[in-house]
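So you can see what is in the structure, the chains are spelled out below.
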Amino acid sequence: MQRLVIEGEKRLVGEIEVHGAKNSALPLLAACVLSRGESCLHNCPKLTDVYAACRILSCLGCKCERQGDTVVVNTDGLDNFNVPDELMREMRSSIVFLGAILGRVGKCRLSFPGGCELGPRPIDMHISALKQMGAAIKEEHGTLECDVGNGLKGAKIVLSFPSVGATENIILAAVTAKGKTVIHNAAREPEICDLARFLNKCGAKIDGFGEDTISVQGVEKLYGCEYDVMPDRIVAATYLSAAASTCGELTLLHTRTEDIESVLPVFEQMGCSLYTYENKIYINARRGIKAVKTIRTMPFPGFPTDAQAVVMAALAKARGTSVMIENIFSNRFRHVDELVRMGADIKTEGKVAIIDGVKRLSGAKVRASDLRGGAALVVAALGAEGVTQISDIKYIDRGYEAIEQAFSSVGGTIKRVQ
Ligand code: EPZ
């Protein structure tokens, strides 16, 4: 078992590169199933969840090879429509393979997906939408048996909540369905736009992405293309939080300001200086940070739930009291007990966390319990006095490429040990 050992209170200074987005790369890899021939995904992050998606592709009969930051997928050998239970359990987003496999093969057998424990994570909206598009879906002993008979048909689908995964699954199923699919109350996250742009490059006809009504006109076939995975907006928010936590001064390279417009004002409120230019974000937190007004997590374009934990870790040392309200997942404060071990003064009740900033956090032995919660411990540890040991870092490796190298390159003292 590996751990991260972090000696804190080292100001982070310098330039740091933001890698490709996990939550875009995963649906893009699923989308490759729909295209004949070869697709090349550039800027594809080296993450355990991405490797798991590649294993699903291989198990379907596709060739999936990595060349540096590029993953090349060839679907010519695709001859299987079963995804084994152990691969489904590795991550939540394995469920987006359902729409893609149904679109290409017309049949699919898989089990309920795994992923980080953030509270109940049902897939009822995915199933109901695919049924409306003509799929017969039987659920037995934890397995979903899906068959589209004579093919998927376009439908008008109204989502009760703008679910990211359900919107992706519907788009994937709709691109080669007969007729037009219209999704109302669709998710507007930048990762949805990345998926739609990739599919359109492969020959799909998707309109309205980035808005709450998306329409998809089915086409007969898609063909592979080359595409650059968007930069990871949550990794960017994590680096900004680490700068705030260490009173540092960082320039984030290869990022996109428009994707984190709801996050940047929070750092301004903390008293950091921020400049955005080209695809870079400069942050200066040398004067220390202060508490912020209530932060509410919301679907995009609101403040992202995925940035809640890392920003909270920075606010643990802010002057004054901040409040965070988690509206998306019911169990997404599991990092709080670990931050409290490090000396933070944070209380939670239901979906509300009250963060009374303390002067100093102190290093401790802590455990990551989910991906972003784990990253929050890294942010806190970088700004804490003394040494912190973080265990269960497999969660962090799901979404951050060699996090110890990224922070070491800007002055952090952080090592991975066995
Ligand atoms: C995606 O998860 C992301 N994962 C999550 O990132 C992110 O936190 C989440 O969107 C919200 O932004 C990927 O993209 C791989 P949802 P997803 O469907 O698609 C409820 C990270 O840290 N819901 O938008 O699973 C659900 O329970 C991860 O990188 C239903 O009730 O999120 C939740 O409360 C964690 N029924 C809410 O909707 C459904 O059928 C939002 O879920 C589907 C969802």
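You'll find the structure just up there.
Calculation criteria
- Residues numbered from 1 in each chain as written.
- Predicted model: local features only at pLDDT ≥ 70, side-chain atom pairs only at ≥ 80, totals over all residues.
- Heavy atoms only, no water.
- Pairing = 2+ DSSP bridges.
- Helix = DSSP H or I, 4+ residues; strand = E, 2+ residues; numbered from the N terminus.
- Axes fitted to C-alpha atoms, helices over the stretch in contact; angles between N-to-C directions.
- Contact = heavy atoms within 4.5 Å.
- Buried < 20%, exposed > 50% of the residue type's maximum accessible area, 1.4 Å probe, protein only.
- Lys, Arg positive; Asp, Glu negative; His and termini not counted.
- Salt bridge = Lys/Arg side-chain N within 4 Å of Asp/Glu carboxyl O.
- Near = heavy atom within 4 Å.
- Polar contact = N/O pair within 3.5 Å; in protein donor to acceptor, adjacent residues only side chain to side chain.
- Nonpolar A, V, L, I, M, F, W, Y, C, P; charged D, E, K, R; others polar.
- Domains from an automatic or database assignment.

Participant: Even after reading the chapter, I still don't get the sheet that holds strand S18 (residues 280–284), so can you show me in this structure?
Facilitator: Either a parallel or an antiparallel arrangement is found when strands of a sheet pair, and the pairing is made through backbone hydrogen bonds. Strand order in the open sheet formed by four strands is S2-S16-S18-S17, and the pairing between neighbours is mixed. Strands at the two margins of the open sheet, each flanked by one partner only, are strand S2 (13–17) and strand S17 (273–277). Taken over all neighbouring pairs, the strand axes of this sheet differ in orientation by 15 degrees on average, direction set aside. Judged from the five bridges that link them, S17 and S18 form a sheet pairing that is antiparallel. Note that in S18 the partner of tyrosine 275 across the bridge is tyrosine 282. Sheet strands touched by helix H8 (residues 233–245): S2, strand S16 (249–253), S17 and S18. Its angle to S16, the strand with the most contacts, is close to 170 degrees.

Participant: Hey, could you run me through the side chain of glutamate 168 in this one?
Facilitator: With respect to the secondary-structure elements, glutamate 168 resides in helix H6 (residues 164–174). Although glutamate 168 is buried, it makes no salt bridge; arginine 233 carries the closest opposite charge, 8.6 Å away.

Participant: Before we go on, may I ask you to explain the site of the ligand in this structure?
Facilitator: Surrounding the ligand, one finds 23 residues, the nearest of these being Asp124, Ser163, Asp306, Ile328 and Arg372. Between glycine 165 and the ligand, the recorded distance is 2.8 Å, taken from a backbone N or O atom to an oxygen atom. Of all the elements in the fold, those that place two or more residues in the shell around the ligand are helix H1 (22–32), helix H5 (124–132), H6 and helix H12 (371–382). When residues in the shell around the ligand are grouped by element, the largest group, three residues, is from H5. Looking at side-chain class alone, the shell around the ligand contains 10 nonpolar, six polar and seven charged residues. A domain-level breakdown of the shell around the ligand finds at least three residues from each of domain 1 (3–18 + 231–417) and domain 2 (22–228).

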